[in-house]
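Here is what each chain is made of, one letter per residue.
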Amino acid sequence: MRKTLRRWGLAAMTCGFAVVLMTAAPGTGLAASAAPAPAVLATDFHGIVALSNCSGSVVKTPTAALTDPALVLTNGHCIESGFPRPGQVITNQASSRTFSLLSKNGQSRLGTLRAKKVIYATMTGTDVTIYQLTTTYAQIQQTYGIAPLELSASHPSAGVHIDVVSGYWRAMYSCNIDGFAYELHESDWVWKDSIRYTSPCHVIGGTSGSPVVETTTGKVVGVNNTTNEDGEQCTLDNPCEVDAAGGG
């Protein structure tokens with residue numbers, strides 16, 4: 001968790017990890033049938049924002065109205081007040097943080113969005129910050145022509161194709177979900193049911209908070225948060241996997 005920028009995967013596996021947004025039971029992996037593979041959608045940078053130290057996205061729940069205040073999703077460790085302590089949950093904290101909204105091709109900054117408050121932030125069990133903005137989804141669409149990304153209502157499955165979209169670097173990483181870590185330990189923090197990437201998604205510092213987009217649906221299924229930096233185990237910047245029996 002290199003200060004302000006880092007998030008992370010095991011170096012020997014050259015992979016990264018993301019926290020799952022759902023609390024439903026994990027997916028059971030690839031189907032055994034020989035059904036044709038679903039079409040892969042072309043992911044762009046619509047809804048993607050850059051923070052001063054991380055990446056993020058403008059997101060909405062499936063039931064949110066366009067007239068609702070918009071939300072920005074990023075990592076808990078990206079919050080401007082510093083890393084939440086183990087066990088700490090931050091709610092309804094005033095914030096005036098700004099976010100650079102990117103164009104669909106990611107090549108330019110369309111404008112600045114501003115937070116009103118932190119609705120929820122934690123690094124316990126997951127690694128998430130959710131900001132409420134001063135503008136609605138409809139206002140963002142009217143001003144910039146940008147729609148939000150929708151959060152998935154379903155737990156992702158192993159094997160599906162994903163894109164990790166970084167606003168900080170204006171870069172995209174494409175790979176598949178390799179599986180799920182029962183627990184991921186890094187220093188004093190523990191995250192549950194983390195997405196493990198296949199090796200093409202070799203994420204770097206600054207990709208923290210990037211949405212993980214399932215390309216068959218275009219929906220957000222997770223938030224990029226870590227990769228192993230130095231090959232150590234369970235230390236700062238070097239997460240390790242722990243199974244249900246407490247083993248690695």
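Residues numbered from 1 in each chain as written. Predicted model: local features only at pLDDT ≥ 70, side-chain atom pairs only at ≥ 80, totals over all residues. Heavy atoms only, no water.

1. Considering the overall build of the protein chain
Looking only at helices and strands, one finds one helix and 15 strands in the protein chain. Across the 248 residues of the protein chain, 49% fall into the buried class. With an accessible surface of roughly 10,500 Å², the protein chain has 54% of that area assigned to carbon and sulfur atoms. (Helix = DSSP H or I, 4+ residues; strand = E, 2+ residues; numbered from the N terminus. Buried < 20%, exposed > 50% of the residue type's maximum accessible area, 1.4 Å probe, protein only. Areas by Shrake-Rupley, 256 points an atom, 1.4 Å probe, with all protein chains shown as cover.)

2. What to know about the nonpolar core
In this structure, Val49, Val58, Phe99, Leu113 and Ile140 are the most contacted members of the largest nonpolar core, which totals 41 residues. Beyond its immediate sequence surroundings of up to four residues, Val49 is in contact with Ser55, Gly56, Ser57, Val58, Val72, Phe99, Ser100, Leu101, Leu113 and Gly167. Core analysis: the second largest hydrophobic core is formed by 16 residues, Ala18, Ile195, Val212 and Val221 among them. (Core = buried A, V, L, I, M, F, W, Y, C linked by side-chain atoms within 4.5 Å. Contact = heavy atoms within 4.5 Å.)

3. Considering the pattern of salt bridges
As enumerated under the stated definition, the model contains five salt bridges in all. Lys219 is the partner of Glu150 in a salt bridge, and the nearest nitrogen-oxygen pair spans 3.5 Å. Of this pair, Glu150 sits in strand β9 (residues 149–150) while Lys219 sits in strand β14 (residues 219–226), and the two are 69 residues apart along the sequence. Under the relative-accessibility criterion, Glu150 is labelled partly exposed at 26%. (Salt bridge = Lys/Arg side-chain N within 4 Å of Asp/Glu carboxyl O.)

4. Focus: the state of the cysteines
Within this structure, the stated rule accounts for three disulfides. Across the disulfide from Cys175 sits Cys201; the S-S distance is 2.1 Å. Residues Cys175 and Cys201 are joined by a disulfide whose S-S torsion is about -100 degrees; by sign, that bridge is left-handed. Of the two residues, Cys175 is situated in strand β11 (residues 171–186) and Cys201 in the loop between β12 (189–197) and β13 (211–214); the sequence distance between them amounts to 26 residues. (Disulfide = S-S within 2.5 Å.)

5. A word on the side chain of Arg97
Within the element layout of this structure, Arg97 appears in the loop between β5 (89–94) and β6 (98–102). A relative accessible area of 10% means that Arg97 is categorised as buried. Of note is the side chain of Arg97, whose polar atom sits 3.2 Å from the side chain of Ser52. A polar atom in the side chain of Arg97 sits 2.6 Å from the backbone oxygen of Cys78. Excluding anything up to four places from it in sequence, Arg97 contacts Leu51, Ser52, Asn53, Cys78, Ile79, Glu80, Leu113, Arg114, Ala115 and Tyr131. (Polar contact = N/O pair within 3.5 Å; in protein donor to acceptor, adjacent residues only side chain to side chain.)

6. What about unusual backbone geometry?
Positive phi is not limited to glycine here, since Asn92 has a value of about 50 degrees. Here Asn92 shows up in strand β5.

7. Let's talk about the side chain of Arg196
Tracing the chain through its elements places Arg196 in strand β12. Side-chain polar atoms of Arg196 contact the side chain of Glu241, separated by 2.8 Å.

8. Comments concerning the packing of aromatic side chains
Going through the model one piece at a time under the given rule, you end up with three aromatic pairs. Look at Phe83 and Trp189: their rings are 6.0 Å apart centre to centre, the planes differ by 85 degrees, and that puts the pair in the edge-to-face class. Taken as a pair, Phe83 in the loop between β4 (69–74) and β5 and Trp189 in strand β12 lie far apart in primary sequence, 106 residues in all. Look at Phe83 and you get partly exposed, because its relative accessible area is 24%. (Phe/Tyr/Trp six-rings, centres within 6.5 Å; stacked < 30°, edge-to-face > 60°.)

9. Some points on the pairing of strand β7 (residues 109–122)
Pairing geometry for β5 and β7, over five bridges, is antiparallel. Along β7, the bridge assignment pairs Ala94 with Lys117. As defined by bridge partners, β6 adjoins β7 across five bridges and the pair is classed as antiparallel. Across the sheet, Ser100 pairs through a bridge with Thr112, a residue of β7. The loop that links β6 with its antiparallel partner β7 comprises six residues; one of these, Gly106, has a positive phi angle of about 75 degrees. Where β7 meets strand β8 (residues 128–136), six bridges bridge the pair, whose relative direction is antiparallel. When the bridges of β8 are listed, Ala121 appears paired with Thr129. (Pairing = 2+ DSSP bridges.)

This is a description of form; function is not addressed.
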